[in-house]
Amino acid sequence: AYKPAEGGFHYLAAIRVEENTAAPEGMVSFTLPEGLYACCIYQNESFEVGVNINLSNAIAYFHKWIDDNGYRTEAMFEAEYYGPMAITDPYQIELWRRVGKDQ
């Protein structure tokens, strides 16, 4: 069972698979839950800047945007996507958060 560190957080490195088979020994399988996701895409001067100061700013902006636009967080995790464009210009990183719409 997943138990986040008290007062902290865990990182999960993952890869997309085409077929949901048993995970290799020492690894676990995790499927993102279905639902509505908000995505924040931000570009950086370099990868290092993107995963340091700009990441903190992007997370703060993203959470404010979610609140200001009538959404609520549906899950206690946030996915960061580092695709091929994260390590080359424009050093683009994506944040994904499962959300619900307030009534």
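This text gives an overview of the structure that appears in the document.

The rules behind these values
- Residues numbered from 1 in each chain as written.
- Predicted model: local features only at pLDDT ≥ 70, side-chain atom pairs only at ≥ 80, totals over all residues.
- Heavy atoms only, no water.
- Helix = DSSP H or I, 4+ residues; strand = E, 2+ residues; numbered from the N terminus.
- Buried < 20%, exposed > 50% of the residue type's maximum accessible area, 1.4 Å probe, protein only.
- Contact = heavy atoms within 4.5 Å.
- Areas by Shrake-Rupley, 256 points an atom, 1.4 Å probe, with all protein chains shown as cover.
- Phe/Tyr/Trp six-rings, centres within 6.5 Å; stacked < 30°, edge-to-face > 60°.
- Lys NZ or Arg CZ within 6 Å of the ring centre and 35° of its normal.
- Polar contact = N/O pair within 3.5 Å; in protein donor to acceptor, adjacent residues only side chain to side chain.

## Things to note about the overall build of the protein chain
Then comes step 1: In terms of regular secondary structure, the protein chain is built from two helices and four strands.
Then comes step 2: Taking all 103 residues of the protein chain together, 21% fall into the buried category.
Then comes step 3: Partitioning the contacts of the protein chain with sequence separation of at least 6, the portion at a separation of at least 24 is 65%.
Then comes step 4: Total accessible area on the protein chain stands at roughly 8,200 Å², and carbon and sulfur atoms take up 56% of it.

## What to know about the packing of aromatic side chains
For any pair of aromatic rings, the description consists of the separation of the ring centres together with the inter-plane angle of the planes.
Then comes step 1: With the rule as written, the count across this model stands at three aromatic pairs.
Then comes step 2: A ring pair is formed by Phe47 and Tyr82, whose centres lie 6.0 Å apart and whose planes are at 65 degrees; its orientation type is edge-to-face. Of this pair, Phe47 sits in helix α1 (residues 47-50) while Tyr82 sits in the loop between β3 (79-81) and β4 (93-101), and the two are 35 residues apart along the sequence.
Then comes step 3: By relative accessible area, Tyr82 is classed as partly exposed at 33%.
Then comes step 4: Summarising the aromatic geometry, the rings of Trp65 and Tyr71 are spaced 5.7 Å apart at their centres and angled 15 degrees between planes, so their arrangement reads as stacked.
Then comes step 5: The residue whose ring lies beneath Lys101 is Tyr71, and the NZ or CZ to ring-centre distance is 4.3 Å.

## Here we look at the environment of His63
Then comes step 1: Within the secondary structure, His63 is located in helix α2 (residues 53-68).
Then comes step 2: Distance in space between the C-alpha atoms of His63 and Cys40 is 9.7 Å, their sequence separation being 23 residues.
Then comes step 3: Leave out the neighbours within four places in its chain, and His63 touches Glu78 and Arg97.
Then comes step 4: Polar side-chain contacts of His63 include one of 2.7 Å to the side chain of Glu78.

## A look at the side chain of Glu94
Then comes step 1: Relative to the elements of secondary structure, Glu94 occurs in strand β4.
Then comes step 2: A polar side-chain atom of Glu94 sits 2.9 Å from a polar atom in the side chain of Trp96.

## A look at unusual backbone geometry
Then comes step 1: In this structure, Pro90 follows Asp89 across a cis peptide bond, with omega equal to 25 degrees.
Then comes step 2: For Pro90, the position within the fold is in the loop between β3 and β4.

## Brief notes about the environment of Leu36
Then comes step 1: Relative to the helices and strands, Leu36 is located in strand β1 (residues 36-42).
Then comes step 2: When its relative accessible area of 47% is taken as the criterion, Leu36 is described as partly exposed.
Then comes step 3: For Leu36 and Glu74, which are 38 residues apart along the polypeptide, the C-alpha to C-alpha distance reads 8.9 Å.
Then comes step 4: Excluding residues that lie within four positions of it along the chain, Leu36 makes contacts with Tyr71, Arg97, Arg98 and Val99.

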